[in-house]
Amino acid sequence: MIALRRTVLVLLTLALAACATPTEVRSGWNPPAGERPRFENLFVIALVNDNQGRVAVEDALGDALRDRIRHVYLAHRQLDAANDGDELRQRVEKAVARTGADGVLVVSFLKAEVRADYVPPRLQGFGPSLGAGYDTVYAPGYYTESRDYYLQSTLYQVGLDSPVWQAQSRVINPTSLHNAVRGYAGDLAKRLHEDGALAR
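Residues numbered from 1 in each chain as written. Predicted model: local features only at pLDDT ≥ 70, side-chain atom pairs only at ≥ 80, totals over all residues. Heavy atoms only, no water.

Caption draft 1: Main features of the side chain of threonine 99. Positionally, threonine 99 belongs in helix α4 (residues 85-99). One polar contact links the side chain of threonine 99 to the main-chain carbonyl oxygen of valine 96, over a distance of 3.1 Å. Reaching out from threonine 99, the side chain makes a polar contact with the backbone nitrogen of alanine 101 at a distance of 3.4 Å. Among all residues touching threonine 99, those that are not within four sequence positions of it are Phe43, Tyr73 and Gln78. (Helix = DSSP H or I, 4+ residues; strand = E, 2+ residues; numbered from the N terminus. Polar contact = N/O pair within 3.5 Å; in protein donor to acceptor, adjacent residues only side chain to side chain. Contact = heavy atoms within 4.5 Å.)

Pasting the structure below:
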């Protein structure tokens, strides 16, 4: 019975992992090693023009960070719409002060990149089917078009103008917005934890 439960748990874990889009993350600290802060309360804001995408990114980060720090504050739940960059900055500063966040995580969209991947030719099978004819078992090579998205995540310590930590993420050919932001947020939260930026 225990073995069956373990098997089911492994299968569920693999199924959930398969739902998230693969990402690549490169990160690094800006201050010297001895001055690296650890954050307990983060204010998260995504600078994405599309409102649906902005909310999706912030919500995904909120879910991914919730068990790793004390509090996560999402900009779309804390701010009204701003007319320009200066007004947005003022509203963010007031919201950060109001929430008591000790860090601000800013996500920026960098670019989308289209690439062509070549799928080589292959034989469909062997055995009796091989005698059915060359055309029925041989699949020629072809190209598929994939689209990757690049995001930059910048972490600021409240009271400092320069970022203390940055990461660039590549979201690899997502099948949906949900899978894209889920994969990105999960990997980014893991990297923040591994880099020692989170208090828990």
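After that view of the structure, there is still more to cover.
Caption draft 2: Seen up close, the nonpolar core. One finds Leu61, Leu65, Leu155, Tyr184, Leu188 and Leu192 to be the most contacted residues of the largest nonpolar core, which totals 31 residues. When contributions to this core are tallied by element, the ones reaching two or more residues are β1 (23-29), β2 (41-47), α2 (51-65), β3 (71-74), β4 (103-119), β7 (142-157), β8 (163-172) and α6 (177-194). Setting aside residues no more than four positions away along its own chain, leucine 192 makes contact with Leu65, Leu105, Leu155, Trp165, Ala197 and Leu198. One finds Ile45, Ala75, Leu79 and Ala101 within the second-largest nonpolar core, a separate group that totals 11 residues. (Core = buried A, V, L, I, M, F, W, Y, C linked by side-chain atoms within 4.5 Å. Buried < 20%, exposed > 50% of the residue type's maximum accessible area, 1.4 Å probe, protein only.)

Caption draft 3: A look at unusual backbone geometry. Of note, the phi angle at asparagine 173 is positive, near 40°, even though the residue is not glycine. Here asparagine 173 lies in the loop between β8 and α6. Given the relative accessible area of 35%, asparagine 173 is considered partly exposed.

Caption draft 4: Region of the structure containing the pairing of β7. Of the strand pairs in this sheet, β4 and β7 are connected by 16 bridges, and their pairing is antiparallel. By the bridge assignment for β7, arginine 115 is matched with serine 146. Two strands pair when backbone bridges link them, and β7 and β8 are joined in this way by nine bridges, in the antiparallel orientation. By the bridge assignment, threonine 154 is partnered in β8 with glutamine 166. If you look at the hairpin formed by β7 and β8, you'll find five residues sitting between the two strands, and glycine 159 has a positive phi there, around 100°. (Pairing = 2+ DSSP bridges.)

Caption draft 5: A look at the pattern of salt bridges. If you walk through the whole model with that rule in mind, you get 11 salt bridges. Linking arginine 170 and glutamate 24 is a salt bridge whose minimum nitrogen-to-oxygen distance equals 3.2 Å. Pair noted here: arginine 170 is in strand β8 and glutamate 24 is in strand β1, with a separation of 146 residues, a long-range link. With a shortest N-O distance of 3.7 Å, glutamate 194 and arginine 191 are connected by a salt bridge. Within this pair, glutamate 194 and its partner arginine 191 are both found in helix α6, separated by three residues, close to a single helical turn. (Salt bridge = Lys/Arg side-chain N within 4 Å of Asp/Glu carboxyl O.)

Caption draft 6: Molecular detail of α2. Relative to the 21 Å expected for 15 residues at 1.5 Å per residue, α2 spans 21 Å between its end C-alpha atoms, a close match to the ideal helical length. Among all positions of α2, only Gly53, Ala56, Val57, Glu58, Ala60, Leu61, Gly62 and Leu65 are buried. In this fold, the buried residues of α2 make contact with β2, β3, α3 (75-78), β4 and α6. (Expected span 1.5 Å × (residues − 1).)

Caption draft 7: Broad picture of the pairing of β8. Of all 10 residues that make up β8, seven are buried, and the element is covered over most of its length. As paired elements, β1 and β8 share seven bridges and run antiparallel to each other. What sits directly across from arginine 26, in β8, is glutamine 168.

Caption draft 8: The arrangement of the sheet that holds β3 in detail. With respect to topology, six strands assemble into an open sheet ordered β1-β8-β7-β4-β2-β3, the strand pairing being mixed. Every interior strand has two partners, whereas the edge strands, β1 and β3, have only one. The average undirected angle you get between the axes of adjacent strands in this sheet is 25°. Packing against the sheet, α2 makes contact with β2, β3 and β4, and its axis sits at approximately 155° to β2. On the sheet, α4 packs against β2, β3 and β4 and is oriented at approximately 160° with respect to β2. (Axes fitted to C-alpha atoms, helices over the stretch in contact; angles between N-to-C directions.)

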